[in-house]
Amino acid sequence: MQTHQVTYPKERIRWGVLSFFLMQGLCFSTWASRIPDIKAVFAADDILFWSWILFLIPVGKFVAIPLAGWLVSRLGSRIMVQVSVLGYAAALAAIGIVSNVYALGGCLFGFGVCWNLCDISLNTQGIGVERLMGRPVMATFHGGWSLAACAGALLGFLMILWGVSPCGHFLLVAAVIVLGTLFGRNCLQEDAEAAPVRREAKEGKEPPALLSFVRKPELLLLELGLVSLFALIVESAMFDWSGVYFKSVILAPDSLQIGFLAFMVMMTAGRFLTNYACGKLGRQKVLQLAGFLIFCGFFLSALPGGMMTSMTAKVTVISLGFMLVGLGISCMVPTVYSLVGAKSGTPVGIALTILSSISFVGSLIAPPLIGLVSETFGLQSAYMLVGLLGLCILLMTTFRKAFQNRT
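These numbers come from a predicted model, not from an experiment. (Residues numbered from 1 in each chain as written. Predicted model: local features only at pLDDT ≥ 70, side-chain atom pairs only at ≥ 80, totals over all residues. Heavy atoms only, no water.)

## What about the overall build of the chain?
Counting its secondary structure elements, the chain contains 17 helices and zero strands. Split into buried and exposed, the 407 residues of the chain put 52% on the buried side. Long-range pairs, those at least 24 residues apart, make up 86% of the contacts in the chain between residues at least 6 apart in sequence. About 17600 Å² of surface is accessible on the chain, with carbon and sulfur atoms providing 70% of the total. (Helix = DSSP H or I, 4+ residues; strand = E, 2+ residues; numbered from the N terminus. Buried < 20%, exposed > 50% of the residue type's maximum accessible area, 1.4 Å probe, protein only. Contact = heavy atoms within 4.5 Å. Areas by Shrake-Rupley, 256 points an atom, 1.4 Å probe, with all protein chains shown as cover.)

## Looking at the pattern of salt bridges
On inspection of all chains with the given rule, the structure shows four salt bridges. Here Glu-11 makes a salt bridge to Arg-14, at a shortest N to O gap of 3.8 Å. Of the two residues, Glu-11 and Arg-14 both sit in helix 1 (residues 10-33), three residues apart, roughly one turn of that helix. (Salt bridge = Lys/Arg side-chain N within 4 Å of Asp/Glu carboxyl O.)

## Examining the confidence of the model for the chain
In low-pLDDT regions, the fine details of the predicted coordinates are not to be read closely. Mean pLDDT for the chain: 83, with 88% of residues reaching 70 or above. Ignoring residues within four places in sequence, the model shows residues 1-6, a span with pLDDT below 50, making 17 contacts including any to other chains. (pLDDT = per-residue confidence, 0-100.)

## So, the state of the cysteines
A covalent bond between the sulfur atoms of two cysteines is referred to as a disulfide. Here the structure, examined in full by the defined rule, presents zero disulfides. Considering cysteine sulfurs only, Cys-118 is the nearest to Cys-27, which forms no disulfide, with 8.3 Å between them. (Disulfide = S-S within 2.5 Å.)

## A closer look at the side chain of Arg-34
Mapped onto the secondary structure, Arg-34 falls in the loop between helix 1 and helix 2 (35-41). By relative accessible area, which is 3% here, Arg-34 ends up buried. Engagement of the side chain of Arg-34 in a polar contact is seen with the side chain of Asp-37, the distance being 2.7 Å. At a separation of 3.1 Å, a polar atom in the side chain of Arg-34 contacts the side chain of His-169. Each residue touching Arg-34, except ones within four places of it in the same chain, is listed here: Gly-156, Met-159, Ile-160, Val-164, Ser-165, Pro-166, His-169 and Phe-170. (Polar contact = N/O pair within 3.5 Å; in protein donor to acceptor, adjacent residues only side chain to side chain.)

## A look at the side chain of Gln-82
Locating Gln-82 in the fold gives a position in helix 5 (residues 77-97). The exposure class assigned to Gln-82 is buried, which follows from its relative accessible area of 11%. In contact with Gln-82, not counting residues within four places along its chain, are Thr-181, Arg-185 and Leu-188.

Encoded structure:
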């Protein structure tokens, strides 16, 4: 990776890139923490109508998939990180300002677009830092995202207690992100793959097409993408349904609904441990262990935890299961991205776009899949089905060449 400033030490570059992961996590959790308040502001009492409004975020993310690969290849991730993070903050501020529900939908669509642009460009930077430092550091970046998301959720809780409106809250966080971007931008690095593209553009040669990422992908990317798809289904099962599981399945009182918190704490902690584990065990063994933990966590939650009669025992066992899932899923995305940087022969921005295109299917099929199984057989059965994906991850990472330690 070529640097635009050779005077910065590697650790400063690493911390600079980490600061953008922190800003992205803060921006996401700021929005998520005030969703009920935004819903109340627009008096969106019809759940189906509100769900369609929220669906505009993944629609924006989907639309951004081809755009992200093209822009990162054309302009470089250094420029796109700054543009997308500032756009992310601007969309957040706009969500708090608008008063028309259709304008809100447009802002959420833009929020989704900037979200995916930020994901691709920022992870491209992360892979570049790994190459620069010669060791795995991607999990630290994703751990920083999770930590900032937890901090943003806590800030949102305090803002609600203090009576701060979503508009004031969002404008404050957007201002923090703008200042952070101004201070951290010089630590972002230039992509080695993007420089020839811009040079050819200056010479009048044809730039890469918008859909240039639509190519026959490497088998490596297909295998990594399939594992990422499984991981996104697991994440969706926990993000969207863990609260429902505690409230509707085991009928836990409000004071004992700690499942999602237990999952998030272990997911955050696991991401900070992933770099160490990859260094000691290797990426393949880490992913094998992750698949095993996911499998055990879901089945522990669905079988022993679901059959106990004591509420305290139920909460304890199911929370332990959720913690195992959180620890297992924590390393999936950063380790897969790290494998892309280490093994793929495709330019990083394009490779991550292909990976996102495959794995994004997981976020689309998870809600109807889990909902349909839950409606027919119960949420415990749906969780056991999702748990089988952990076994699939274990088998794939054991027998497929893409995950072997040889590079």
